[in-house]
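Take a look at the letters that make up each chain.
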Amino acid sequence: MDLLALADFNLVARHGGFGKAARASGRPKATLSRRVTDLEAALDLRLFERGARDLKLTEEGRALHERTSALLTELDETAAAIASGSEVPRGRLRISAPLFLSQTAMGRIAASFARRYPQVRLDITTEDRAVDMIEEGYDLVIRVNPDPDERLVGKAFLHDRLVVVAAPEICRPAAEASAPGVVRGPMTRQVWTVATSEGATTMKIDPVMSLSSLIMVRDAVREGVGAARLPISLVSRDIAAGTLQHWGDVEGSDIALWALYPSRRLLSARVSAFLAHLKLAFPNGTPEDLAAYIG
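Residues numbered from 1 in each chain as written. Predicted model: local features only at pLDDT ≥ 70, side-chain atom pairs only at ≥ 80, totals over all residues. Heavy atoms only, no water.

Peer 1: How would you summarise the pattern of salt bridges if you had to cite specific residues and measurements?
Peer 2: For the coordinates displayed, the defined rule picks out 14 salt bridges. A salt bridge links Arg-27 to Asp-8; its shortest N-O distance comes to 2.8 Å. With Arg-27 in the loop between helix H2 (18-25) and helix H3 (29-43) and Asp-8 in helix H1 (residues 3-15), this pair connects stretches of sequence that are 19 residues apart. Its relative accessible area of 28% is what places Arg-27 among the partly exposed residues. Among the ionic pairs, Arg-92 bridges to Asp-123, the shortest N-O distance being 2.5 Å. Here Arg-92 is found in strand E3 (residues 91-97), whereas its partner Asp-123 is found in strand E4 (residues 120-126), with 31 residues between them in sequence. On the basis of relative accessibility, which here comes to 22%, the residue Asp-123 falls in the partly exposed class. Each of the salt bridges in this network shares a partner with another, and the network as a whole consists of Arg-218, Asp-219, Arg-222 and Asp-238. (Salt bridge = Lys/Arg side-chain N within 4 Å of Asp/Glu carboxyl O. Helix = DSSP H or I, 4+ residues; strand = E, 2+ residues; numbered from the N terminus. Buried < 20%, exposed > 50% of the residue type's maximum accessible area, 1.4 Å probe, protein only.)

See below:
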């Protein structure tokens, strides 16, 4: 396969048209069109649907783009590293991270990483949704308890768990009673299963408000609005200080944060460096490690 034609195909696919790709790269539009046509002929596949005003990838074209764009980037970076005689991390590093980790730790982690690797241009986006890292061009994604994905590999670098907490003035509900609650999600009556030193028990919760951020939930609970399920890393200091009561651990609420990257590409120096940096930030991978950042 002609790598130059493949590179031009990915350039056009990335920019969504021959004209845009030509303007972005300074390459003649006719050259890009010819290279793509030659590639289609060599593969005996139509890679683009050419309309009067737009250009869209075919199913085969999308598959080829997803599987080769990252590989071509790695080839360029490997060649540059060999030419310079160095494996120093360099270039753009795009990361997707969940909201809670971003609010509590990623700013400081990003700053220390940037000081250590000044040739890396770090781009971190906060996303609680499961982004398609290949389609959306991420080098690394951090996910909470991710579903299996055969396209991705990685490792868990941090663990946490949920606990039920409330301000001291909030009474723990008796068997048939209920307690006010602060939740993330639907404001409907809920039953929480909680593990205590006496064993598992259930408690009825009547939500009084729904908030989208765990930090907001923690702050509302501190004000005595109601009980909530929160990561132990976020409230361990409040529990130790007595400003929040620990009603028990939420059963089956173990949380694992995974750093994931595509399995069909060589691991770049910048991704390897960031994975190592996460290990330095959370050496034991425990809630206490994250609590130190929340401090």
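Peer 1: Please provide a residue-by-residue account of the nonpolar core, values included.
Peer 2: The biggest cluster of nonpolar side chains holds 42 residues, and the ones touching the most others in it are Leu-101, Ile-109, Ile-142, Phe-157, Phe-274 and Phe-282. When near neighbours in sequence (up to four residues on either side) are disregarded, Phe-274 contacts Leu-93, Ile-95, Met-106, Ile-109, Phe-113, Leu-122 and Leu-140. Within the second largest apolar cluster, 17 residues are counted, among which are Leu-32, Leu-39, Phe-48 and Leu-64. (Core = buried A, V, L, I, M, F, W, Y, C linked by side-chain atoms within 4.5 Å. Contact = heavy atoms within 4.5 Å.)

Peer 1: Which residues make up the sheet that holds strand E5 (residues 140-144), and what are the values?
Peer 2: Strand order across the open sheet formed by five strands is E4-E3-E5-E13-E6, with mixed pairing between neighbours. Single-partner strands in this sheet number two, and they are E4 and strand E6 (152-160). Neighbour-to-neighbour, the strand axes of this sheet turn through a mean angle of 20°, independent of strand direction. Sheet analysis places E6 next to strand E13 (residues 255-262), joined by eight bridges and oriented antiparallel. By the bridge assignment, Gly-154 is partnered in E13 with Leu-260. (Pairing = 2+ DSSP bridges. Axes fitted to C-alpha atoms, helices over the stretch in contact; angles between N-to-C directions.)

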